[in-house]
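# Descriptive analysis of the structure
Below, each chain spelled out in residue letters.
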There are 2 protein chains.
Amino acid sequence: MTRPTVNDIAREAGVSLATVDRVLNARPGVREKTISAVNDAIARLGYVRDLAAANLARSRSYRMVVLLPASDSQFVTTLAAALDDAAALAAATRTEMRLLRYPPEDMHVLASTLAALDPDDVAGVGLMAPETPVVRDAVRALRARGIPVVALASDLPNTARDHFVGIDSHAAGRTAGVLMGRFCRGLTGSILVLADSMLLRDSIERRRGFDEVIQTEFPALTVLPTLETHGAPDLLHRLAGDRLAATPDLAGIYLLGSGHRALAALLRDRGLLGRFVVIGHELTPHTRAALMAGHLDAVIAQNPGHLARSALRVLRAKADRQPIDEGQERLRIEVVIRENLPPESPEPGPRSLS
Amino acid sequence: MTRPTVNDIAREAGVSLATVDRVLNARPGVREKTISAVNDAIARLGYVRDLAAANLARSRSYRMVVLLPASDSQFVTTLAAALDDAAALAAATRTEMRLLRYPPEDMHVLASTLAALDPDDVAGVGLMAPETPVVRDAVRALRARGIPVVALASDLPNTARDHFVGIDSHAAGRTAGVLMGRFCRGLTGSILVLADSMLLRDSIERRRGFDEVIQTEFPALTVLPTLETHGAPDLLHRLAGDRLAATPDLAGIYLLGSGHRALAALLRDRGLLGRFVVIGHELTPHTRAALMAGHLDAVIAQNPGHLARSALRVLRAKADRQPIDEGQERLRIEVVIRENLPPESPEPGPRSLS
DNA sequence: TTGTAAGCGTTATCAT
DNA sequence: ATGATAACGCTTACAA
């Protein structure tokens, strides 16, 4: 009736508790024969280990470090908030998080921060950073010192990071492309593309996915060269304004990064609000407002709450060398329009007081 | 540095462990004065109780019951599989699940099953059922006996269920409507609507949301009366076939429920595959295949894995009278097209063996 | 009204 | 290579 415990296994297998534990945790110093005896007992009894008890006994706590660029991007801000919420929740499982920010323009600062991390003080590192050589090396060094690393939001594929939690930018770009194409049904014309910077791999991949789809499936549309706004509203206003004037057949606008407010302002200036199909990325207060106002038609997004919780869960699993639940940790490429906009999270999440 | 425990409180307050426990759990038999002494110590030390340890000591386990209709609908099948996966995961936290099926046409069987549930054998009930008077009464009775109830996928708003885990059908219908309208840009014509049955509240609400959007935002489109197919492919073939022939200006098809394969077969028969915008609900093997083949343009879905995990987490929280994390438990109204189709879950989820 | 001590299911530290 | 035994933070008889 009641669930089998390690004691039951020990009795059934005719060994001691300690041996069962050794087998359970794949610790060395057990004969092959004993191992299989224990495993047999486990299978026979249908044992499943009580995680809570295990963690209690370990009384181990997990100090995670998460590094985000100190940019004022709304996505980063949103993610930081989500991480704080997730950390409050994870505290119940002895997992705490230190959230650090690094100057976005200097990867050397980031690298030295990472290099200074003490392997027996930090159980894992979450990192959102562009994949520059400096970063690559820093991540490799971290892993060499036995600290698990997960890449957040932006992947670091060539660093042997333990895991990536986020969405595939290329597929996200394709998704944006299909929506743009279909929302422009019947139209012949150009698509204006705005990015913060085309040096970031995510932007490049989004653009590549977008182009692929438009070229092969929507030949009536032409994607214009990307304008780089470097997060500067005035620059966007000028560059996009010029392009707008020079493009009489404009059908749609694709924002790879930020700039939603500046774009809306520009279009309003010109009396063009609502005249084009506009598609962007990430759900932030700005894009949310734009969706509600009808200035933005769709957003391709990843759920920051899920991202944050997943990051902490995965880090913890890695720290424990436990497998992760692929299904639970896989982020979806979300399509958000006004009608399925999730309600603005009202409370900052219950800070589990009692 | 380390978190304070009950022992620390006891020492700080100059009382014994047992007294601290009595105060913590609001048990009787403690002087007012002692109570406040303990509470002071708790506040001073910033104690936060370790729930896992508490539950371990209680050696409490949570036996949940989930009831699904015994229909052969693919969504229900998918959900059942997701629940089994979630249960395998939840087993590590002393939460087990019994998955029961009831004959979909007879709510009295369901009601008597619910009535037979023993309050000190089952810690919570998850229920997917239409909201008939019989069901309403059964749910009320359950709650009166102190068993928490969460509604799954389909809400039971007038039963005082503890929680609903699923998406808002009305908003889902509106989302479908917007996509239909936008994908039909420039077209003037009719939309064929197919449902299993219009007796189900979810279908009614989806349709209502869909109509609202089309009528107010896409006046060039006309939504035809719903055809009820009762899950019967031949009936769908006949009814939809007739309507198809009688509707020369058909622009789109909206499937409120199942029937994707039958519809594809019909359209193929008539050489009409790919001629209309087709939008449906829920991601199942059939809709997935249809999306991949290009016979279906978009699906409005809720994530069954999330639904299942959320249901079990919420039931557990309710059983413990703990607050739930709104952010984590809120399901998104997902828009799935070919480009953001999540990969088919390869493994049935790690059955946490070790 | 309060305290003592024995668990709960694991893990970890010694012995053997 | 294996076994006792004492934690881990909390609850719960049973005593006092």
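Presented here is a report on the structure given in the accompanying data block. (Residues numbered from 1 in each chain as written. Chains lettered and ligands numbered in written order. Predicted model: local features only at pLDDT ≥ 70, side-chain atom pairs only at ≥ 80, totals over all residues. Heavy atoms only, no water.)

## Digging into the overall build of chain A
The following threshold applies: Elements are defined by DSSP. Helices are runs of H or I of four residues or more, strands are runs of E of two residues or more, and each kind is numbered from the N terminus. Note on classification: 1.4 Å probe, protein chains only; a residue is buried when its accessible area is under 20% of the maximum for its type, exposed when over 50%, partly exposed between these limits. Any two residues whose heavy atoms approach within 4.5 Å at even a single point are treated as in contact. Computed with the Shrake-Rupley method and a 1.4 Å probe, the accessible areas treat only the protein chains shown as cover for residues. His is not counted, nor are the chain ends; Lys and Arg add positive charge and Asp and Glu add negative charge. Where a charge lies is defined by one atom per residue type, namely NZ (Lys), CZ (Arg), CG (Asp) and CD (Glu).
Scanning chain A from N- to C-terminus turns up 14 helices and 11 strands. Along the first, second and third principal axes, the C-alpha set of chain A runs to 85 × 45 × 45 Å. Split into buried and exposed, the 354 residues of chain A put 52% on the buried side. Long-range contacts, defined as pairs at least 24 residues apart, comprise 71% of the intrachain contacts of chain A with a sequence gap of at least 6. Entry remark: accessible area of chain A is about 15600 Å², with carbon and sulfur atoms responsible for 53%. Of note, chain A has its 42 positive side-chain charges centred 4 Å away from the centre of its 41 negative side-chain charges.

## Examining the environment of Ala308(A)
Residue and element names in this part refer to chain A. Within the fold, Ala-308 resides in helix α13 (residues 304–319). When the C-alpha positions of Ala-308 and Thr-34 are compared, they lie 41 Å apart, and in sequence the two are 274 residues distant. Setting aside its immediate chain neighbours within four residues, Ala-308 contacts Ala-82, Leu-83 and Ala-86.

## Describing the side chain of Asn55(B)
Examined against the element boundaries, Asn55(B) turns out to sit in helix α4 (residues 51–58). We classify Asn55(B) as buried; its relative accessible area is 5%.

## Quick look at the protein's contact with DNA strand D
Rule in force here: By convention in this text, a residue qualifies as near a molecule or strand provided that one of its non-hydrogen atoms is within 4 Å of it. N or O atoms closer than or at 3.5 Å make up a polar contact, with two conditions inside protein: a donor-capable atom paired with an acceptor-capable one, and, for residues adjacent in sequence, both atoms drawn from side chains. Residues are grouped as follows: Ala, Val, Leu, Ile, Met, Phe, Trp, Tyr, Cys and Pro are nonpolar; Asp, Glu, Lys and Arg are charged; all remaining types, including Gly, are polar.
For DNA strand D, the set of nearby residues contains 28 residues, the closest of which are Ser16(A), Thr34(A), Val6(B), Asp21(B) and Tyr47(B). Within 4 Å of the protein, the contacting atoms of DNA strand D are drawn from sugar and phosphate to the extent of 67%. Here a phosphate oxygen of DNA strand D sits 2.7 Å away from a polar atom, N or O, in the main chain of Ser16(A). One of the backbone N or O atoms of Ala53(B) is found 3.4 Å from a base nitrogen in DNA strand D. Among the secondary structure elements, those contributing two or more residues to the surface near DNA strand D are α2 (17–24) and α4 (51–58) of chain A together with α2 (17–24) and α4 of chain B. Ranked by residue count, the leading element in the surface near DNA strand D is α4(B), at four residues. Among the residues forming the surface near DNA strand D, the class breakdown is 12 nonpolar, eight polar and eight charged.

## Regarding the environment of Gly146(B)
Residue and element names in this part refer to chain B. Along the polypeptide, Gly-146 turns up in the loop between α7 (133–144) and β4 (149–152). In this structure Gly-146 comes out as exposed when scored by relative accessible area, which is 55%. Spatially, the C-alpha atom of Gly-146 lies 35 Å from that of Leu-45, the residues being 101 residues apart in sequence.

## Here we look at the sheet that holds β4(B)
Sheet strands pair by backbone hydrogen bonding; their relative direction is either parallel or antiparallel. Residue and element names in this part refer to chain B. For clarity, the cut-off: Pairing between two strands requires that DSSP report at least two bridges joining them. A fitted line through C-alpha atoms serves as each axis, taken over the contacting stretch for helices, and the angle formed by two N-to-C directions is quoted from 0 to 180°.
Reading across the sheet, the five strands line up as β2-β1-β3-β4-β5 and stay open at both edges, with parallel pairing between neighbours. The strands lining the two open edges of the sheet, one partner per strand, are β2 (95–102) and β5 (163–165). For this sheet, the mean inter-axis angle between neighbouring strands, taken without regard to orientation, is 20°. Two strands pair when backbone bridges link them, and strand β1 (residues 62–69) and β2 are joined in this way by eight bridges, in the parallel orientation. When the sheet's bridge partners are listed, Met-64 is paired in β2 with Met-97. Contacting β1 and β2, helix α5 (residues 74–90) runs over the sheet at an angle of about 160° to β2.

## Regarding the protein's contact with DNA strand C
The full set close to DNA strand C counts 29 residues, and Asp21(A), Tyr47(A), Ala57(A), Arg22(B) and Thr34(B) are the nearest of them. Taking the atoms of DNA strand C that fall within 4 Å of the protein, sugar and phosphate contribute 67% of them. Between DNA strand C and Arg49(A) there is a distance of 3.0 Å, counted from a phosphate oxygen to a side-chain nitrogen or oxygen. Here a phosphate oxygen of DNA strand C and a side-chain polar atom of Thr34(B) are 2.6 Å apart. Among the secondary structure elements, those contributing two or more residues to the surface near DNA strand C are α1 (6–13), α2 and α4 of chain A together with α2 and α4 of chain B.

## Some points on the relation of the copies chain B and chain A
Put simply, the rule is: Here the copies were fitted onto each other by least squares, based on C-alpha atoms from residues at pLDDT of at least 70 in both.
Rotating chain B by 180° and moving it 0.8 Å along the rotation axis overlays it on chain A with an RMSD of 1.3 Å. This pairing of chains is accounted for by a two-fold axis.

## So, helix α1 (residues 6–13) of chain B
Residue and element names in this part refer to chain B. Applicable threshold: The directions considered for the arc are those from the helix axis to the C-beta atoms.
Every buried residue belonging to α1 is among Ile-9, Ala-10 and Ala-13, and all of these are buried. The buried residues of α1 all sit within an arc of 100° when viewed along its axis, so they share a single face. Tucked inside the fold, the buried residues of α1 contact α2 and α3 (32–45). The backbone nitrogen of Asn-7 lies 3.1 Å from a side-chain oxygen of the residue at the head of α1, namely Thr-5. Looking one or two residues beyond α1, the residue adopting positive phi is Gly-14, at roughly 70°.

## Concerning the interface of chain B and chain A
Basically, it comes down to this: Throughout, buried area stands for the accessible area (probe radius 1.4 Å) lost by two parts on being put together, summed over both. Salt bridges are counted wherever a side-chain nitrogen of Lys or Arg sits within 4 Å of a carboxyl oxygen of Asp or Glu.
Contacts between the two partners involve 50 residues from chain B and, on the opposite side, 50 residues from chain A. Carbon and sulfur atoms supply 51% of the area that chain B and chain A bury against each other, a total of about 4600 Å² over both sides. Of all residues in chain B, Arg185(B), Arg332(B) and Glu339(B) give up the largest surface area on contact with chain A, accounting jointly for 16% of the area buried on that side. Where chain B meets chain A, there are eight salt bridges. The salt bridge involving Arg174(B) is made with Glu339(A); its shortest N-O contact spans 2.8 Å. There are 15 residue pairs in polar contact (both at pLDDT 80 or more) connecting chain B and chain A. Put simply, the parts of the chain that give the side of chain B that touches chain A at least two residues each are α4, α8 (169–183), α9 (201–217), α13 (304–319), α14 (326–329) and β12 (334–336) of chain B. At seven residues, the largest contribution of residues to the side of chain B that touches chain A is made by α8(B).

## Focus on the pattern of salt bridges
Applying the stated criterion across every chain yields a total of 48 salt bridges over all chains. Between Asp137(A) and Arg140(A) there is a salt bridge; the shortest N-O distance is 3.7 Å. Residue Asp137(A) and its partner Arg140(A) are located together in helix α7 (residues 133–144), separated by three residues, close to a single helical turn. Judged by relative accessible area, Asp137(A) falls into the partly exposed class, the value being 49%. When its relative accessible area of 43% is taken as the criterion, Arg140(A) is described as partly exposed. For the salt bridge of Arg60(B) with Asp320(B), the shortest nitrogen-to-oxygen distance reads 3.7 Å. Placement of Arg60(B) in the loop between α4 and β1 and of Asp320(B) in the loop between α13 and α14 is noted, with a sequence separation of 260 residues between them. What makes Asp320(B) buried here is its relative accessible area of 19%.

## Topic: the packing of helix α6 (residues 107–115) of chain A against α7(A)
Residues and elements named next belong to chain A. What counts here: Angles are sorted into four bins: roughly parallel if under 35 degrees, roughly antiparallel if over 145, roughly perpendicular if 65 to 115, and oblique for all others.
Interhelical geometry of α6 versus α7 gives an angle of 5° and a closest axis separation of 9 Å. Here α7 runs roughly parallel to α6, going by the angle between their axes. On α7, the residues touching Met-107, His-108, Leu-110, Ala-111 and Leu-114 of α6 are Val-134, Val-135, Ala-138 and Leu-142. For the contact of α6 with α7, the class distribution of residues is eight nonpolar, one polar and no charged.

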